[in-house]
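Observations on the model geometry
Each chain is listed here by its residues.
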Amino acid sequence: MKRKRPIRRRIYIKMLRMFREMGRKHRRNAETLQAAKVIGPHIVAIGGGTGLSTLLRGLKKYTENITAIVTVADDGGGSGVLREELGMLPPGDIRNCITALANAEPTMIELMNYRFADGVYKGQSFGNLLLAALNGVCGSFEEAVARTHEVLAVTGKVLPVTGSNVNLVAEFEDGSSVCGESKIYLHKKKHQCRITRVHLEPEGSQALAGAIEAIEQADLILLGPGSLYTSVIPNLLVNGIAEALMRTSAPRIYIMNVMTQDGETEGYTAIDHVHALFDHASGQHVVDTCIYNTAPVSEALCRRYSPEGAEPVRVSPEQFEREGIDLYGYPLMQDGTELARHDPQLLAAAIMDVFGKKVERKGIYGAYDTMVRDR
């Protein structure tokens, strides 16, 4: 009697076949994009969470040459379940970046983001399950991510910052600590004290060679926006990333969050955010420029955030000048939402404006000028 495959494996195989069939019509677009001459500067965006995917949606209108380097310290939600059950890297942030850069039909994007409402997969997104299946088929998470690029006609490239299975540990002012990115918020609220430092366990994780190469070859590097301690800084803790940032001659821009964050940065000023970056990069000044929002946050939004202890991030130009960091302000708020978020198009336009000023200041005429002339 022929032994049946386990039901979960049968479901994975069926999903892969369905996805392959749906993606066949998009492969031609992906091949055409790859064969075409790349237009625009090579931009490397480092971070995680919704902040990074928001940034990518705006950037892809300006350049086809984007590399997103994404933290893999997430251990909550559907990603945490797959990580625990299958021993794979968390797929959630990677999936969000892939869909942000995808040029597939809306139905494909909806499919990637679809979450099951019932059953054994309740709360899981189809995109996470697809990456889990490809991880098993391909034998590595990096290759699984690369395979999704093929069928979704992704602009640029999405890379996990490391192939190591790491956890984020936060240390607090009262001497306590907690392991697990998803636990940091609740622990901080319970103890009512600041995070003093975060680190990865196990120590010694190495950055992917592709991530280091992308940083070294970049025309522009972006950190953030996103949760300071759980989305941005974890990338700097991976061996090789901070060192590569210090070797590059490309502008390195930190994108300041609109608001302080409940459970992470209550009471932080803009310069406090930057100092935290430097402290976790062994004191190295891994950014030389900062972009922040100048649009007023409405009273209604401030009231919405007040119970969390969150407020608009306060910016002091004098402090940035003393640190030797260039500071640029733009109205970046997204209208018509109940949350204080960056508008993808406004943010991307601001980034390209700053990049243009830096290119002009250095007297460099290259990819950026070509892009402007072509458009």
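See the structure printed just above.
Residues numbered from 1 in each chain as written. Predicted model: local features only at pLDDT ≥ 70, side-chain atom pairs only at ≥ 80, totals over all residues. Heavy atoms only, no water.

Observations concerning the overall build of the protein
Per the secondary structure count, the protein includes 16 helices and ten strands. Within the protein, the proportion of its 375 residues that are buried is 54%. For the protein, restricting intrachain contacts to residue pairs at least 6 apart in sequence, the fraction spanning at least 24 positions comes to 74%. When the accessible area of the protein is evaluated, it comes to approximately 17300 Å², of which 48% is carbon and sulfur surface. (Helix = DSSP H or I, 4+ residues; strand = E, 2+ residues; numbered from the N terminus. Buried < 20%, exposed > 50% of the residue type's maximum accessible area, 1.4 Å probe, protein only. Contact = heavy atoms within 4.5 Å. Areas by Shrake-Rupley, 256 points an atom, 1.4 Å probe, with all protein chains shown as cover.)

Things to note about the sheet that holds strand β2 (residues 66–70)
Reading across from one edge, β3-β2-β1-β7-β8-β9-β10 is the order of the seven strands in this open sheet, with parallel pairing throughout. Both edges of this open sheet fall to β3 (157–160) and β10 (326–330), since each of them pairs with a single strand only. Taken pair by pair, the neighbouring strands of this sheet meet at an average axis angle of 20°, ignoring direction. As defined by bridge partners, strand β9 (residues 289–293) adjoins β10 across five bridges and the pair is classed as parallel. The residue of β10 that forms the bridge with T289 is D326. (Pairing = 2+ DSSP bridges. Axes fitted to C-alpha atoms, helices over the stretch in contact; angles between N-to-C directions.)

Observations regarding the side chain of E266
Position of E266 among the secondary structure elements: in the loop between β8 (252–255) and α12 (270–279). A distance of 2.8 Å separates the side chain of E266 from the side chain of K188, its partner in a polar contact. Within the structure, the side chain of E266 is placed 2.9 Å from the backbone nitrogen of G263, a separation counted as a polar contact. Beyond its immediate stretch of four places on either side in the chain, E266 contacts K188, K189, R194, T260, Q261, E308 and G309. (Polar contact = N/O pair within 3.5 Å; in protein donor to acceptor, adjacent residues only side chain to side chain.)

Side note on the sheet that holds strand β6 (residues 195–201)
With antiparallel pairing, three strands are arranged side by side in an open sheet as β5-β4-β6. Each end of this open sheet is capped by a strand with a single partner; those strands are β5 (177–179) and β6. For this sheet, the mean angle separating the axes of adjacent strands, direction not counted, is 20°. With six bridges connecting them, strand β4 (residues 167–172) and β6 associate as antiparallel partners. Directly across from A170, in β6, lies its bridge partner V198. Helix α8 (residues 181–191) contacts β4, β5 and β6 of the sheet and is inclined by roughly 20° relative to β4.

Looking at the packing of aromatic side chains
Scanning the model with the defined rule gives three aromatic pairs in all. Where F116 meets Y121, the ring centres are 6.0 Å apart and the plane angle is 45°; that geometry is what we call tilted. Its relative accessible area of 24% is what places F116 among the partly exposed residues. Counting every residue linked through ring pairs, the aromatic cluster contains Y114, F116 and Y121. Above the plane of the ring of Y305 lies R304, whose end atom (NZ or CZ) is 5.2 Å from the centre. (Phe/Tyr/Trp six-rings, centres within 6.5 Å; stacked < 30°, edge-to-face > 60°. Lys NZ or Arg CZ within 6 Å of the ring centre and 35° of its normal.)

Some words on the pairing of β8
Regular strands place their side chains on alternate faces of the sheet. On β8, burial covers both faces: R252 and Y254 on one face and I253 and I255 on the other are all buried. Here three bridges tie strand β7 (residues 220–223) to β8, and the two strands are oriented parallel to one another. Within β8, the position partnered with L222 by the bridge is I253. Relative to β9, β8 is paired through three bridges, and the arrangement is parallel. Note that in β9 the partner of I255 across the bridge is I291. At this point the chain moves from β8, through α12, to the parallel β9, and the crossover so formed is right-handed. (Right-handed = clockwise from strand over helix to strand, strands pointing away.)

Focus: the pattern of salt bridges
Using the criterion set out here, one finds eleven salt bridges in the structure. Between K357 and D353 there is a salt bridge, and its shortest N-O distance comes to 3.3 Å. Of this pair, K357 and D353 both sit in helix α15 (residues 344–362), four residues apart, which is roughly one turn of the helix. Note on K357: relative accessible area 36%, which makes it partly exposed. Through salt bridges with shared partners, a single ionic network connects K188, K189, D262 and E266. (Salt bridge = Lys/Arg side-chain N within 4 Å of Asp/Glu carboxyl O.)

By themselves, these figures tell us nothing about what the structure is for.
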